[in-house]
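# Examining the three-dimensional arrangement
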Amino acid sequence: MNMMSTFIKPMHPEGRRFVAIFAAITLVLFLIWDVLGWLGVGLTIWCYYFFRDPERHPPDRPDAILSPADGIVSLIEPAIPPAELGLPDTPLTRVSVFMSVFNCHVNRAPVSGTITRMAYRPGKFFNASLDKASEDNERNGLVIRMEDGRDIVTVQIAGLVARRIVSFNSEGDRLNGGERFGLIRFGSRLDVYLPEGARLLAKPGQTMIAGETVIAETGTPIES
């Protein structure tokens, strides 16, 4: 059973129709040529793994800010959160996690708190690893208010292949750290804007596991 659980992961319901489409195409390909059929089998398995949704176990640390996505830290820099979220024009530390088409794409809340603002903005589909993707690409932003009153921002950004951002929640919903809040289909990026006073722990090039890897500590609110 341990071996089975290592290779066979639960699939998120969002992926069922895509796997069914891939499987149907595979049957047609077998009718045309066996080699194409086996290629279709490989792509169907890949589609299943793209939508895998393994259980995650957030660390028992109330001060932890968790990675919202599986992938690689592609960029860390000061940046102003998206204007549509209605936050002050104050630069915050932005941690960008790039998800390739081989990463699990279920996104998880970086902290516990209440969603006070959600805003979707259509846009372009540049490669999500590029810096300009944060400004120009299709995106969906969430503001999560922590217990101490500070806000943390996480933004789902569509990539070169991605064409659909999915959100599971609405404004006013309560999230626990590591809880699923959405996914992006087929390659994308997550940006996290750390609150003032947070202590950064992540480094560029570091591998992230959504809901488990600690990217920062909440720290102490800065006195105004």
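Preceding this section is the structure that the text describes.
It should be emphasised that the depicted structure is a prediction, and the values quoted were computed from it without experimental measurement.

### Some remarks on helix 3 (residues 34-50)
With 17 residues, helix 3 should reach 24 Å at 1.5 Å per residue; the first-to-last C-alpha distance of 24 Å fits that figure. Taken together, the buried positions of helix 3 are G37, G40, T44, C47 and F50. Projection of helix 3 onto a plane perpendicular to its axis shows the buried side chains occupying an angular sector of 125 degrees, all on one side. The outward face of helix 3, more than 90 degrees from its buried face, is lined by the exposed residues W38 and L39. Packed against the buried residues of helix 3 are helix 2 (16-32) and strand 10 (180-184).

### Some remarks on the sheet that holds strand 4 (residues 106-108)
Spatially, the 3 strands line up as an open sheet ordered 4-10-8, and their pairing is antiparallel. One side of each edge strand has no neighbouring strand; the edge strands of this open sheet are strand 4 and strand 8 (165-167). Here the average twist between neighbouring strands, direction ignored, is 25 degrees.

### Concerning the pattern of salt bridges
Applying the stated criterion across every chain, the model contains 15 salt bridges. A salt bridge links D63 to R61; the shortest N-O distance between them is 3.5 Å. Exposure remark for D63: the relative accessible area of 28% places this residue in the partly exposed category. Across the pair R94 and D191 runs a salt bridge, and its minimum N-O distance is 4.0 Å. Linking R94 in strand 3 (residues 92-99) with D191 in strand 11 (residues 188-193), this pair joins segments that are 97 residues apart in sequence. Exposure class is identical for R94 and D191. Each is buried.

Parameters and conventions
- Residues numbered from 1 in each chain as written.
- Predicted model: local features only at pLDDT ≥ 70, side-chain atom pairs only at ≥ 80, totals over all residues.
- Heavy atoms only, no water.
- Helix = DSSP H or I, 4+ residues; strand = E, 2+ residues; numbered from the N terminus.
- Expected span 1.5 Å × (residues − 1).
- Buried < 20%, exposed > 50% of the residue type's maximum accessible area, 1.4 Å probe, protein only.
- Arc of directions from axis to C-beta.
- Contact = heavy atoms within 4.5 Å.
- Pairing = 2+ DSSP bridges.
- Axes fitted to C-alpha atoms, helices over the stretch in contact; angles between N-to-C directions.
- Salt bridge = Lys/Arg side-chain N within 4 Å of Asp/Glu carboxyl O.

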